Amino acid sequence: MKRLANFYTEREPSILGGGFILLLILLWELMPRLLALPQGFSLFFTTPWQVIEACYQLFVENKIQEHFYVSSIEFLAGLGLAIVVGLPAGLITGRSRNIDAMVDPFVTIFNATPRLIFLPLFILWFGIGIWSKIVIVFIGAVFPLLINTYEGVKNVDRVLVNVVRSFGANEWQVMKIVVLPYSVPYIIVGLRLAIGRAILGVVVGEFFGASKGLGFMIATAATNYKVDVVFVGVAIFMGLSLVLTMAVKKFESKLSRWRPEEAKTF
Amino acid sequence: MAPFISAHDVSLVFKSKDRDPVTALNRLNLEITKGEFVSIVGPSGCGKSTFLNMLLGLLRPDSGQMQMNGTAITGPGQERAMVFQEFGLLPWRTVTANVELGLELKGIAAGKRTERAMELIKLVGLQGFERHYPHELSGGMKQRVGLARALATEPEILLMDEPFAALDAQTRDLMQSELLQIWERTRKTVLFVTHSIEEAAYLSDRVIVMTARPGRAKETLKIQLPRPRDYEMRLTPEFNEIKSQIWEVLKEELISRV
Amino acid sequence: MKPKEYFAEHRRLWLGLGSVLFVIAAWEALLTYVIPLNPFFFTKPSLIAVAFKEQVIYGALWNDLAVSSKAFLWGFSLAILFGIPVGALMGWRRKAGYTLDPFFTALYASPLVALAPLIIVVFGVGLFAKSVLVFALSVFPFIFNTFAGVRSTDRLLINVVRSFGGGEKDLYLKVIFPSTLPYIVAGARIALGRGLVGIIVGEFYAASEGIGYAISRFGDTYRLPEMFAAIFLLMIAAVALTEGMRKLESVLAPWKTTQETR
């Protein structure tokens, strides 16, 4: 009996947390059997098992693969562009006071507004093909990357910069040897945020101006009252989000071997 | 004999946005001959670290000239290397990679770099710690890495900016003795900035006392102790006499500030 | 010499202002002299300014903004009323924290906007659906920030108040609330951004009023100057709110939140 008690206390957080989630899923599954649902409501209702079945169906009938493929391309292309533009931009604005002053009002304004308001404009310009989505993903993800890289660069230890300069390093070498490695933790935080915004961009972009993609699948399923398909889409996005966040965390701990444990605050 | 390093009428004013401009150095004159171990002591804020940074090439004087080997100093160069008070080690690099920094920037090939780094790591007594990261080292050990790094590029002068100020008293004494041993073997020219009269007297051939801000070289005292020096010398009456002399000169500057 | 000194001191301000003015001027010039103005694709600042005056001052855009604000405030207030107590509970009682944390974290990390079509289909178009969406998106920063704030309360201070005979009420008022406040305000700023996304998405999707609706309606009818006017109106509101939050944070928060942490 004591061993069971010990087992519980050691793992209490996961048992309570995991148990709660399982309980909710179970209740959800059993709800139509336990309660008598009003007639109209059952139209909008689905259960976890139905969602799993729907997912299997879609997979087998080869309906979901193309949507998944399109959404992935939009996500990766937009995020990739955001990294390629945001990181160097963050480095440069961090190092140059003048450029920072000139760029700052734009960054503040665009960061405060929900970038999705540009979606109608992008659909107007780029149509409902993948490009409008790539652009909306890009402008959603680029700002966290730029801002966080900027913060990392601004916070670099002056002593280290002086040390490297005293050995005759030029600006480019200073960036490469000190500024960039120092900013890595900040960039990682930016990357996590950027991934969240990127997924958001894909989802919303595909709701409003698309003919393919998981978001499109969700939107059409909703209007056709195929609630189970809706949840298939939602679950896929949820899963992707979780997987990517964990991947970034793993990546971060690999790069942080040199940091003393207390300093890992992110 | 032409001096190895010279500073002539060097002045520097710090301008700031909210406050009045501050004159850090006002017509400082200084000469150092090759192979000398020279210390600078002075009250806080007298500009000694500022001067060191100017010799290093990170700051430019507003007026006056600084020369090394007859050529003017206009920026950083590999003939001058600094050991920093806050160590300044790149935390994401191992001890070896840190020591190699200067060689890397000089463009030396990887194999040769590591070879040289290993020699120096041995010289400062850190064998076995080559693959450690800075956060795993004590203060004294970090400063040894700093010293190894500075010596790696074979500079002609070693600039040391209160290198032992961040260490505890016992480690500090230890490091002073070790520094002298290493110096005896390499006989570099050293310019050493410190607050501690005892440290300056123990280590140097000459001690320069600076005035309070704006800084100038007030007086130079020759240290007539034989070399090689050992710890027991610090306990002799001659040493105390030397310390008093330095203190007499320095005292005026401290009082005038208060 | 006076203007030169003044310029040097406030350099940051001048450079910023200058670059914004430059961009606007360049935009205007580009579309007046260089690129032919195809009204279906492009527009320029002078036209936008005219549209802005028309729509905002004489037109319906103010009304749209008011409609959007109403829905936003409903959802946001509910998020505060629900999120802060739940977060406080999680922070104060360890077991509650263990139980709820993974569940809320999973929800927070998922793009809940994906449920927007479903919400609209179930609740229809209108104030209620929009508020639900805003609530769903903005509640989590409040939960998690309050959670973190309560958990970070200095135990020492609690013991101090207890040792002077303070009861639960005193603890909450004198120690926990003041020390959690900065966290809550930071959470409010983040929740603001997410709530704005909610209102926009809700209005794009199926609405008949509101600023998001206005933007997409202007887009559908190719009325670009009006569309940009609506976008700018929203931008002004968003920047004003966000900067206002930041000011509030710097007044109330002892630590810097320069990083976007969520």
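Our structure is the block above this text.
The text that follows walks through the structure, step by step, so that each part is easy to find. Keep in mind that this is a model prediction, so the values were computed, not measured.

### Section: the overall build of chain A
Phase 1: Across its full length, chain A carries 11 helices and 0 strands.
Phase 2: Along the chain direction, N to C, the helices and strands of chain A fall in the order α-α-α-α-α-α-α-α-α-α-α.
Phase 3: Taken over C-alpha atoms, the radius of gyration comes to 24 Å for chain A, far larger than the 18 Å a tight globule of 266 residues would show.
Phase 4: With the principal axes as the frame, chain A shows a C-alpha extent of 75 × 65 × 30 Å.
Phase 5: If you take every contact in chain A between residues at least 6 apart in sequence, the share linking residues at least 24 apart comes to 74%.

### As for unusual backbone geometry
Residues and elements named next belong to chain B.
Phase 1: Here R213 and P214 are connected by a cis peptide whose omega angle stands at -5°.
Phase 2: In this fold, P214 is placed in the loop between β9 (206-210) and β10 (217-222).
Phase 3: Between R227 and the following residue, P228, the backbone shows a cis peptide bond with an omega angle of -5°.
Phase 4: Inspection of the secondary structure puts P228 in the loop between β10 and α8 (237-257).
Phase 5: Unlike most non-glycine residues, E154 shows phi in positive territory, near 50°.
Phase 6: With respect to the secondary-structure elements, E154 resides in the loop between α5 (139-152) and β7 (157-161).
Phase 7: The backbone of R187 shows a phi angle near 50°, a positive value even though the residue is not glycine.
Phase 8: Counting through the fold element by element, R187 comes out in the loop between α6 (169-186) and β8 (189-194).

### A look at the interface of chain A and chain B
Phase 1: Contact with chain A, which involves 14 residues of that partner, is made by 17 residues of chain B.
Phase 2: Of all the secondary-structure elements, those providing two or more residues to the side of chain A that touches chain B are α8 (158-166) and α9 (171-208) of chain A.
Phase 3: For the side of chain A that touches chain B, the element with the most residues is α8 of chain A, which contributes 6 residues.
Phase 4: Counted by class, the side of chain A that touches chain B contains 9 nonpolar, 4 polar and 1 charged residues.

### What to know about the nonpolar core
Phase 1: Ranked by size, the top nonpolar core spans 215 residues in total, and within it L119 of chain A, L159, L191 and I246 of chain B together with V113, V201 and A230 of chain C carry the most contacts.
Phase 2: With 20 residues, the single largest contributor to this core is α9 of chain A.

### Topic: the interface of chain C and chain A
Where interface size is given, it is often the accessible area lost as the parts come together that is meant.
Phase 1: Taken together, the contacts link 47 residues of chain C with 51 residues of chain A.
Phase 2: Within the residue set of the side of chain C that touches chain A, elements represented by two or more residues are α2 (11-34), α5 (94-109), α6 (116-123), α9 (168-205), α10 (211-220) and α11 (224-252) of chain C.
Phase 3: Element by element, the count of residues in the side of chain C that touches chain A is highest for α5 of chain C, at 9 residues.

Each value, and the rule that gives it
- Residues numbered from 1 in each chain as written.
- Chains lettered and ligands numbered in written order.
- Predicted model: local features only at pLDDT ≥ 70, side-chain atom pairs only at ≥ 80, totals over all residues.
- Helix = DSSP H or I, 4+ residues; strand = E, 2+ residues; numbered from the N terminus.
- Rg over C-alpha atoms; globule rule 2.2 N^0.38 Å.
- Contact = placed C-beta atoms within 7 Å.
- Nonpolar A, V, L, I, M, F, W, Y, C, P; charged D, E, K, R; others polar.
- Core = buried A, V, L, I, M, F, W, Y, C linked by C-beta atoms within 7 Å.
- Buried ≥ 20, exposed ≤ 12 C-beta atoms within 10 Å, placed from the backbone.

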